[in-house]
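Descriptive structure summary
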Amino acid sequence: MQPFKRLKTCLLLLVLTLVGSHAWEYNAGVGKADVTGPAAEIGMMGYAKQGQNTAGIHIRLYARAFVVEEVATGTRVVFVSVDAGMMGQLVKKQVMDQLELMYPGVYTEKNVVISATHTHSGPAGYMQYVIFNVSNLGFLKQSMDALVDGIVDAISRAHTLVRPAKIYVSQGKVAEANINRSPTSYDANPEEERARYPDGNTDKTMVQLTFVDLQEDEYMGVFNWFAVHPTSMNNTNHLISGDNKGLASQLFEKEMNPGVPTGRGGFVAAFASTNLGDISPNIKGPKCLDTGLPCDLEHSTCEGRTQMCVAFGPGEDMYESTRIIAERQYAVSKALLEDESGMTALTGSIKYAHQWIDMTKYEVNLADGSTASTCTPALGYSFAAGTTDGPGEFDFTQGTITGNPFWDFISGILKVKVLIHMKVFTFLEFIQGTISANQYRDYISEILKDPEPETVACHAPKPILLDTGEFKYPYAWHPTQVDTQIIKIGQLYLLAVPGEFTTMAGRRLRETVEKLVQEQGEDIIPVVAGLSNTYTHYITTFEEYQKQRYEAASNIYGPRSLEAYQQQYSKLAASMLTGEELPAGTPPEYLLDVQLSFIPGVIFDHTPGSLSFGHCIQQPHDAQPGQMVTAKFVSGHLRNDLLTSDSFLRVEHNENGEWIEYANDDDWSTRLYWERTNAILGESEVTVLWDIPQDAPRGEYRIIHKGYYKHIIRGLTPYIGTSKTFLVGLTRVIEEPVEEFFEEVVESKNPFAQLWKLIM
Ligand code: ZN
């Protein structure tokens, strides 16, 4: 703390001398750090699809942070956008605990917002509530630590760089990058309300903050918000990826940080989430897989079947679609940075407000003077149907409401089926080993029992599939105490919401706060910061709720959730205007000590025959720009060491006799696939694909794979493997014998030799 204070004082004196005492209002810093979690054999967070486990890396995941301080008061706020499926209270708590040790009293849960981009291609296991971990067989500390450490690093880097800065806000439209995936729900909103929005059933506006370093007169970074799900990579993907948001960041950061490997450099570009609840990047829209015809709009089915109705596009495959949606966001972001005339400087005080509220019984004052309450958490039938971005694996369809005797009759059977698919029963089987038979019976009957009548009434017309608020075993399934928070920098109000607001829900929240602030004569640019601090699934309007599509079925606190949040965020904004601090509310339970995990650890790694770790078993061949080269290596398990801020692969270019890194595992042009080729003997392979960019310099290259292998007694050992060299864009002068594509693997068949090797 002391060195920073001294540094700050020096800067202050310097700038005071240079530009006078009122020339700038804010100090700011930006920072970024790697949060890539376990890239092998861990369930991916997002589609909750059976068997969609990590098996390599396409691009790495990052936390991107800004710290802003009001010079006059010293008040600080922090915003972090992190490439993760969602944010959780346990992660935030761990982050806050670490920050408190590093910078006592500076950062608290009140002035720090952590928002997830909602990529569906990151590892799971870091959430504390049961529902988010069952399909992953429980909690994984390695997943949580990767996020926590990276977020703390990103904030700490931003903190270290805090300096006199100017912050600008600008807005632009992003065309052809999003569609509404529940248009029939949207149309349930009043016609006169819909008529007020020329962009129709999606928000097209990107709001961007540009940070300028006043001393160096250079850009520090941009943070923007545009509504689209990072679900361009679909549920067949097994590679870690930041999806369209992560790639947009990479494209911008690569351009602004020339001459350094991908992932490095000081310029930070964050593409953060906002009210993306009903917004898909798959802009070709949903089609029937067999006929290519449009699906039934109301239920997203083809001849009654959910699984056949999937949305794609705009590319030929998910990689191309990701790239196109990323490029469209990046292009607008860059145009906003370049258009200084379109920028407005932020000016005014920095404030923040945070409160935990009990969302299971929040009293809502309705327009007609009566009151209503939010509900204990429950998921509806259509939750299991999934969406056209990733249909569920069950016989549920979207838009299912009560009053259908057929659904009611078979709901018991379907519930069992869903629970088996979600691995809930597998999870409970594991738990059974640690508890008595009676307790086990209690768990099962608690889940299979009918929801309480008051829960059913509160959620109507939602037919309840899982009354998670009533499940107490082995610990809480959903949050009760929910974070609500606003941070304000001048006229910018970031409404940090604990879930996925739909388009119209986001508009109503923004309008409510906007009206309240404007009535006080203040300027306001309201922005919804989605999936912040904790995750409570979706928030729809009351009208959309009646349609019970996926988003409404996942509106876990019932039909009045949005009105509760409108009321609550008004309260937060009012407290900021009056300066009257709200009570903190009751913090959520932190459940780290009771987390159960049945994810098998890595016991040992082993190589086939006499090969060593890192041995290149498939060599790359000469190629032209635009072609793809492949190299395959004997590898260890990728969970042995995450190689944070490092890389499992390097494509190296020979520059005058020196091997220089040209690409790493963070690059869009590379893909790292990992496969356990023999689970019993612990054998694995890594395959590196390099899609040679058109602008790659001609010359000699090689591919390197590095990692750690685990010995059953000696523990972890690093290894490195190097391919033969290959030429790009050149022809070899000396004829060489054609290399075998696959090198023969000499494998000892002697079981004693195998055993001896394992022990040694
Ligand atoms: Zn979502």
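Scoring rules and cut-offs
Residues numbered from 1 in each chain as written. Predicted model: local features only at pLDDT ≥ 70, side-chain atom pairs only at ≥ 80, totals over all residues. Heavy atoms only, no water. Phe/Tyr/Trp six-rings, centres within 6.5 Å; stacked < 30°, edge-to-face > 60°. Helix = DSSP H or I, 4+ residues; strand = E, 2+ residues; numbered from the N terminus. Buried < 20%, exposed > 50% of the residue type's maximum accessible area, 1.4 Å probe, protein only. Lys NZ or Arg CZ within 6 Å of the ring centre and 35° of its normal. Donors = N, O, S within 2.8 Å, 3.2 Å for Na, K, Ca; no water. Pairing = 2+ DSSP bridges. Right-handed = clockwise from strand over helix to strand, strands pointing away. Axes fitted to C-alpha atoms, helices over the stretch in contact; angles between N-to-C directions. Parallel < 35°, antiparallel > 145°, perpendicular 65-115°, else oblique. Left-handed = near helix turned anticlockwise from the far one by under 90°. Contact = heavy atoms within 4.5 Å. Nonpolar A, V, L, I, M, F, W, Y, C, P; charged D, E, K, R; others polar. Disulfide = S-S within 2.5 Å. Domains from an automatic or database assignment. Buried area = accessible area lost by both parts, 1.4 Å probe. Salt bridge = Lys/Arg side-chain N within 4 Å of Asp/Glu carboxyl O. Polar contact = N/O pair within 3.5 Å; in protein donor to acceptor, adjacent residues only side chain to side chain.

**With respect to the packing of aromatic side chains**
All told, the structure shown has 23 aromatic pairs when counted by the stated rule. Consider the rings of phenylalanine 383 and tyrosine 550, whose centres lie 6.2 Å apart with planes at 20°: the pair is stacked. Linking phenylalanine 383 in the loop between β20 (379–380) and β21 (386–387) with tyrosine 550 in helix α14 (residues 550–553), this pair joins segments that are 167 residues apart in sequence. When its relative accessible area of 16% is taken as the criterion, phenylalanine 383 is described as buried. Note on tyrosine 550: relative accessible area 12%, which makes it buried. Taken together, the ring pairs connect Phe66, Phe79, Phe211, Phe223 and Trp225 into an aromatic cluster. Between arginine 507 and the ring centre of tyrosine 197, over which it is positioned, the NZ or CZ distance is 3.9 Å. Over the ring of tyrosine 319 we find arginine 671; its NZ or CZ atom is 3.6 Å from the centre of that ring.

**Some thoughts on the coordination of the zinc ion**
Distances from the zinc ion to its protein donors, His118 (NE2), His229 (NE2), Glu500 (OE), Glu500 (OE) and Tyr538 (OH), fall at 2.0 to 2.7 Å. Sequence spacing of the donors to the zinc ion: H-x110-H-x270-E-x37-Y. One end of the pair, histidine 229, is in the loop between β11 (218–225) and α6 (243–256); the other, glutamate 500, is in strand β26 (residues 500–501), with 271 residues separating them in the sequence. Residue classification places histidine 229 among the buried positions, given a relative accessible area of 0%.

**Considering the pairing of strand β5 (residues 76–82)**
The element β5 is extensively covered by neighbouring structure, given that 7 of its 7 residues are classed as buried. Side chains of β5 alternate between two faces, with Arg76, Val78, Val80 and Val82 and Val77, Phe79 and Ser81 buried alike. Here strand β4 (residues 62–70) pairs with β5 via 7 bridges, running antiparallel. Considered in β5, the bridge of arginine 64 is made with serine 81. In this structure, the hairpin formed by β4 and β5 is closed by a connection of 5 residues, where glycine 74 is found at a positive phi of approximately 75°. Crossover β5 to strand β6 (residues 112–116) through helix α2 (residues 89–102) is right-handed.

**Some details on the packing of helix α9 (residues 424–432) against helix α10 (residues 437–448)**
Across the interface, α9 lies against α10 with an axial gap of 10 Å and an inter-helix angle of 160°. For the element pair α9 / α10, the angle class is roughly antiparallel. In this structure, the crossing between α9 and α10 has a hand that is right-handed. When α9 is examined against α10, the residues Val424, Phe425, Leu428, Glu429, Ile431 and Gln432 are found in contact with a partner set consisting of Tyr440, Tyr443, Ile444 and Ile447. The class makeup of the residues in the contact of α9 with α10 is 8 nonpolar, 1 polar and 1 charged.

**A look at the state of the cysteines**
The tally for this structure, following the rule as stated, stands at 3 disulfides. Two residues share a disulfide in this structure: cysteine 375 and cysteine 458, whose sulfurs sit 2.0 Å from each other. As the torsion about the S-S bond is roughly -85°, the cysteine 375-cysteine 458 disulfide counts as left-handed. Highlighted residues: cysteine 375 in the loop between β19 (371–373) and β20 and cysteine 458 in helix α11 (residues 453–459), separated in sequence by 83 residues. For cysteine 375, a relative accessible area of 1% gives the class buried. Overall, the relative accessible area of 23% leaves cysteine 458 in the partly exposed class. Each bonded cysteine of the protein gets a number by its place in the sequence, and the pairs then read 1-3, 2-4, 5-6.

**Overview of the domain arrangement of the protein**
Looking at the protein, the domain boundaries give domain 1 (25–359 + 479–592) and domain 2 (616–759). With centres defined by C-alpha atoms, the gap from domain 1 to domain 2 works out at 35 Å. Contact with domain 1, which involves 29 residues of that partner, is made by 22 residues of domain 2. Here domain 1 and domain 2 share an interface that buries about 2,200 Å² over both sides, 50% of which is from carbon and sulfur atoms. Its largest share of buried area at the contact with domain 2, domain 1 owes to Ile57, His58 and Arg60, together 24% of the area lost on that side. The interface formed by domain 1 and domain 2 holds 2 salt bridges in total. Here aspartate 667 and lysine 254 are joined by a salt bridge, their closest N and O atoms 3.0 Å apart. Run the count over domain 1 and domain 2 and you get 17 residue pairs in polar contact (both at pLDDT 80 or more). Mapped onto the side of domain 1 that touches domain 2, the elements with two or more residues apiece are β2 (40–45), β3 (53–57), α3 (141–160), α6 and α7 (318–338).

**Overview of the packing of α6 against α7**
Close contact between α6 and α7 brings their axes to 8 Å; oriented N to C, the two are set at 50°. For the element pair α6 / α7, the angle class is oblique. Crossing geometry of α6 relative to α7 is assigned as right-handed. Residues Asp243, Asn244, Lys245, Leu247, Ala248, Leu251, Phe252, Glu255 and Met256 of α6 touch α7, and the partners they reach there are Thr322, Arg323, Ile325, Ala326, Glu327, Gln329, Tyr330, Ser333, Lys334 and Leu337. For the contact of α6 with α7, the class distribution of residues is 9 nonpolar, 4 polar and 6 charged.

**A closer look at unusual backbone geometry**
Note the cis peptide between alanine 460 and proline 461, where omega equals 5°. If you trace the backbone, proline 461 turns up in the loop between α11 and β23 (464–466). Across the junction of tyrosine 473 and proline 474, the peptide omega takes the value -15°, indicating a cis bond. Note that proline 474 resides in the loop between β23 and β24 (481–489). Not every positive phi belongs to a glycine, and glutamate 41 is a case in point at roughly 60°. As for its placement among the helices and strands, glutamate 41 is situated in strand β2. The class of glutamate 41 is partly exposed, set by a relative accessible area of 40%. Residue alanine 48 is not a glycine yet carries a positive backbone phi of 50°. Mapping alanine 48 onto the fold places it in the loop between β2 and β3.

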